[in-house]
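Observations on chain architecture
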Amino acid sequence: MITDYGSLTLGAVVPGAASAAAAIDVACGVAAPNVSAQLVALASFTPSAGLTLVQQLQIAQDIVSNVQEAISLGLESPSLAAQAAAAAAITADLQAKLLTVQAQVDIALELQGLLATGGVRLLKFVGAQNVFGAELAAELGPGSGATSALVLITNGGAAWTAVQGVLKTS
């Protein structure tokens, strides 16, 4: 017995793929602004030493005291160069993460476009394989056991291209 579900979008034919595409979109929608905000915050960081002479002298005295104490403890104090290098490393890491998220967004958008393509006719067959048609029965082999099949019929090049993007067709 053949059940004709009519002409559907590919997303309706493959609902798991549509759910996955929506989940990817949500995840990327959360990740991208987060990484972008971190980059913006990091861009506002600048190591600085723009102080008055009196402030610099006071800091220098504090540094000497702190350095003497750090030396006695075996510690080294961070320099402006170390701060800048750490900020540059964090920036590079965040930019790489943002590129990854953007690539995932691009994939999700492409998949959503494919899944929105209409013109896929869905037929469901349930019955003995030898009554489905001589050619299909020959491909499946002899027998009259219970068989289930889905037949996708497209009406146009765009729909077939979309099916090929989601399902193995060759």
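Residues numbered from 1 in each chain as written. Predicted model: local features only at pLDDT ≥ 70, side-chain atom pairs only at ≥ 80, totals over all residues. Heavy atoms only, no water.

Re the overall build of the protein
Within the protein, the secondary structure is distributed over six helices and three strands. Across the 170 residues of the protein, 18% fall into the buried class. Here the contacts in the protein between residues at least 6 apart in sequence split such that 77% fall between residues at least 24 apart. For the protein, the computed accessible surface area is about 11200 Å², with 64% contributed by carbon and sulfur atoms. (Helix = DSSP H or I, 4+ residues; strand = E, 2+ residues; numbered from the N terminus. Buried < 20%, exposed > 50% of the residue type's maximum accessible area, 1.4 Å probe, protein only. Contact = heavy atoms within 4.5 Å. Areas by Shrake-Rupley, 256 points an atom, 1.4 Å probe, with all protein chains shown as cover.)

A look at the packing of helix 2 (residues 15–43) against helix 4 (residues 80–115)
The relative placement of two packed helices comes down to the angle between their axes together with the axis-to-axis distance. Closest axis-to-axis distance for the helix 2/helix 4 pair is 8 Å, and the angle between their directions is 155°. The orientation of helix 2 relative to helix 4 falls into the category roughly antiparallel. Along this stretch, helix 2 crosses helix 4, giving a crossing that reads as left-handed. Considered class by class, the residues forming the contact of helix 2 with helix 4 number 20 nonpolar, six polar and two charged. (Axes fitted to C-alpha atoms, helices over the stretch in contact; angles between N-to-C directions. Parallel < 35°, antiparallel > 145°, perpendicular 65-115°, else oblique. Left-handed = near helix turned anticlockwise from the far one by under 90°. Nonpolar A, V, L, I, M, F, W, Y, C, P; charged D, E, K, R; others polar.)

Focus on the nonpolar core
Core analysis: the biggest nonpolar cluster contains 11 residues, these being Leu10, Val13, Val14, Ala17, Ala21, Leu115, Val120, Leu122, Ala159, Ala162 and Val163. Going through the elements one at a time, helix 1 (10–13), helix 2, strand 2 (120–128) and helix 6 (157–166) are the ones with two or more residues in this core. Top element by residues in this core is helix 6. It accounts for three residues. In contact with leucine 122, other than residues within four places in its own chain, are Thr3, Asp4, Tyr5, Gly6, Leu8, Val13, Leu150, Val151 and Leu152. Residues Leu39, Leu42, Ala87 and Leu94 belong to the second largest nonpolar core, which totals five residues. (Core = buried A, V, L, I, M, F, W, Y, C linked by side-chain atoms within 4.5 Å.)

Points about the confidence of the model for the protein
Mean pLDDT over the protein works out to 77, with 89% of the residues at or above the 70 mark. The secondary-structure element of the protein with the lowest mean pLDDT is helix 5 (residues 134–140), recorded at 71, while helix 6 shows the highest, at 84. (pLDDT = per-residue confidence, 0-100.)

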